[in-house]
Amino acid sequence: MTAVADSLSSRRLCCVLLAILLFLPSVSVALTAKVELETILRGFERDVPVKGSSQVLPGYGYLKLDLKDITSNGVSFHGYGWGRYDAADSNYYDSQSEGELLYGYLEYKKKFSTLRARLGRMHIYEGVANEALDGLWLAGSVSPQISLSGYAGQPVGLSSTDDRSGDSLFGGRVAYHGSDKFDIGLSAKFSNNDGNTADRMIGTDLIYYLPKDMTLFGFSKFNTDESSFAEHSWELRIPFEEWDFKPYIQYYDYDGYFGTGDKARLPFSNLANSGESLGILGLYTFWRKSEELNLGAKLKAYSYDDNDSSQYIAAVVDFLGDERTQSGGELGYMRGEAANNDYLLLRLYTYQDQIPEKYWVAFVSADLVYALYDQEINNKSSSLFLSLGAGKHFWNDALDLKLSADYSVDPFYTSDLRGTLSATYFFGRRN
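Residues numbered from 1 in each chain as written. Predicted model: local features only at pLDDT ≥ 70, side-chain atom pairs only at ≥ 80, totals over all residues. Heavy atoms only, no water.

## Thoughts on the nonpolar core
Operational definition: Here, nonpolar core refers to any group of buried Ala, Val, Leu, Ile, Met, Phe, Trp, Tyr and Cys residues whose side-chain atoms link them within 4.5 Å. Accessible area is worked out with a 1.4 Å probe on protein chains only. A residue is then buried under 20% of its type maximum, exposed over 50%, and partly exposed in between. Secondary structure elements follow DSSP: runs of H or I of four or more residues count as helices, runs of E of two or more count as strands, with numbering from the N terminus. Throughout, a residue-residue contact means that at least one pair of heavy atoms, one from each residue, lies within 4.5 Å.
Ranked by size, the top nonpolar core spans 16 residues in total, and within it Leu278, Ile280 and Tyr343 carry the most contacts. By residue number, the principal contributor to this core is strand β20 (residues 363–377), which donates three residues. Discounting residues that sit within four places of it in the chain, tyrosine 343 has contacts with Gly332, Tyr333, Met334, Ala371, Leu372, Tyr373 and Asp374.

Structural data, given as structure tokens:
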């Protein structure tokens, strides 16, 4: 029923937006359209209810649509959605077919104006907000130093709980721009589920440009219901000749971060009432030895209130080629008390898209992740993930075809083999 309700909600929203489009005045003759359609066919085997071991053959479709210059007043439309159909009708999914509109909104943005507006389904990612919303978003500047933004509507994430009646989400952010030295923002977010409190969050974010090209940036969030900070995330970037140093600190209070309001974040309800907190202290540094080669190191320490602490150290290497060609690897060690938190990690990857035209494929990719555990878990001491893929461009890069296979084996299950065939179509100018 949840999938059906979400699908009906998405269709209603699409109909409303299309109706607005039809009645917009001053339709522009300079309308530009860009359409991206991706189809993916997968195959794997799973134990499913009633049938037992069964083949699962899901087909996915992803549609992205951008219509710019719909009117001479700076109106555009942006939409993205997906659908899935299990050709084997395997009972692996709750429903044989399912789909969702991820975003679909009208946007107003005009040259020489700071006013921006969006109407429809969108993702709000600013200040303390990281939410999907059906509603209205407005932003603009009131002076060269001060800008405002605000949003209001219904939260998409709470629609699966007792329908959408009584659900609401609203908030905003005010920012002060201190010349070219810093930007600081204050923001708030309030959401209700069936008329009851779901989330109350306030916070601040900052980016500060220091001497010697150093930059400090991050944010802090405070949960007013819990009267405690939900999250801190701060990073300092320090360039020095060919080196870059990035020390950072993060903190999460599970009760405040996941929310303990009425039916807020149901999938994480156990974490939201656990009383646990996590602190992370890390450093990432890399050396730009040349334009083609980066060498780096990672240091990371995890500290919990109730669970065991752990530390991670790794060496990283990246080879950068033309266009998107890239290869590299990571060798790391995680030290912890729990069996699944004490292991040696190896990752190798490559993506090559400069293959001569005489070969059938235009690009290949490979990714390998291997973990060797210090203690056996379910009578296994290692895990492996291997992915291989190859593809080709057709019709002046208007069509990409890619065939890939993924194999994995893990202490928590036997082995898994997946095959994937994807086709991506580009209509209009490709980025």
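So much for the structure itself; the text now carries on.
## A few points about the pattern of salt bridges
Counted only if it meets this: One side-chain nitrogen of Lys or Arg within 4 Å of one carboxyl oxygen of Asp or Glu is enough to make a salt bridge.
Under the definition given, this model contains 15 salt bridges. Arginine 84 is the salt-bridge partner of glutamate 98, the closest N and O atoms lying 3.3 Å from each other. Linking glutamate 98 in strand β5 (residues 97–109) with arginine 84 in strand β4 (residues 75–86), this pair joins segments that are 14 residues apart in sequence. Glutamate 98 sits in the partly exposed class, given a relative accessible area of 32%. In this structure arginine 84 comes out as buried when scored by relative accessible area, which is 7%. A salt bridge links arginine 288 to aspartate 244, with the nearest nitrogen and oxygen atoms 2.3 Å apart.

## Here we look at the packing of aromatic side chains
Selection criterion: Two aromatic rings from Phe, Tyr or Trp, using only the six-membered ring of Trp, form a pair when their centres are within 6.5 Å; if the ring planes differ by under 30 degrees the pair is stacked, by over 60 it is edge-to-face, and anything between is tilted. Comment: the charge-over-ring label is applied if NZ (Lys) or CZ (Arg) is within 6 Å of the ring centre and within 35 degrees of the ring normal.
Inspection of every chain in the model, using the stated rule, returns 16 aromatic pairs. Ring centres 5.8 Å apart and planes at 10° place the aromatic pair phenylalanine 182 and tyrosine 208 in the stacked group. Note that phenylalanine 182 is positioned in strand β10 (residues 182–193) and tyrosine 208 in strand β11 (residues 196–209), a separation of 26 residues in sequence. With relative accessibility at 34%, the residue tyrosine 208 sits in the partly exposed group. One aromatic cluster in this structure is built from Tyr60, Tyr62, Tyr80, Tyr103 and Tyr105. Between the NZ or CZ atom of arginine 42 and the centre of the ring of tyrosine 60, over which it lies, the distance is 5.4 Å.

## A closer look at unusual backbone geometry
Positive phi values are uncommon outside glycine, yet serine 227 reaches one of about 55°. With respect to the helices and strands, the residue serine 227 is situated in the loop between β12 (215–223) and β13 (228–240). Although it is not a glycine, asparagine 378 sits at a positive phi angle of roughly 55°. Turning to its location among the elements, asparagine 378 is positioned in the loop between β20 and β21 (380–394).

## Quick notes on the environment of glycine 166
Here glycine 166 shows up in the loop between β8 (146–155) and β9 (168–178). Relative accessible area serves as the criterion here: at 42%, glycine 166 is assigned to the partly exposed category. Between the C-alpha atom of glycine 166 and that of aspartate 194, which follows or precedes it by 28 residues, the distance is 4.0 Å. When residues no more than four places from it in sequence are discounted, the contact partners of glycine 166 are Asn192, Asn193, Asp194 and Gly195.

## Let's talk about the side chain of glutamate 107
Threshold: Contacts described as polar in this section are N or O atom pairs within 3.5 Å, which, within protein, must combine one atom able to donate a hydrogen with one able to accept it, while residues neighboring in sequence count only if both atoms come from side chains.
Topologically, glutamate 107 is positioned in strand β5. Judged by its relative accessible area of 8%, glutamate 107 falls in the buried class. Side chain to side chain, glutamate 107 and histidine 78 meet in a polar contact 3.2 Å long. A distance of 2.7 Å separates polar atoms of two side chains, one belonging to glutamate 107 and the other to arginine 116. Once you skip the residues sitting within four places of it in the chain, glutamate 107 turns out to touch Gly74, Val75, Ser76, His78, Arg116, Ala117 and Arg118.

## A look at the pairing of β13
Here is the rule: Between any two strands, at least two bridges found by DSSP are needed for them to pair.
Two elements, β12 and β13, share nine bridges in a ladder whose sense is antiparallel. What sits directly across from threonine 215, in β13, is arginine 237. What sits between β12 and β13 in their antiparallel hairpin is a turn of four residues, with serine 227 showing a positive phi close to 55°. Judged from the eight bridges that link them, β13 and strand β14 (residues 243–253) form a sheet pairing that is antiparallel. Across the sheet, residue phenylalanine 240 finds its bridge partner in β14, namely tryptophan 243. Here β13 hands over to β14 after two residues, with glutamate 241 in that stretch at a positive phi of 55°.

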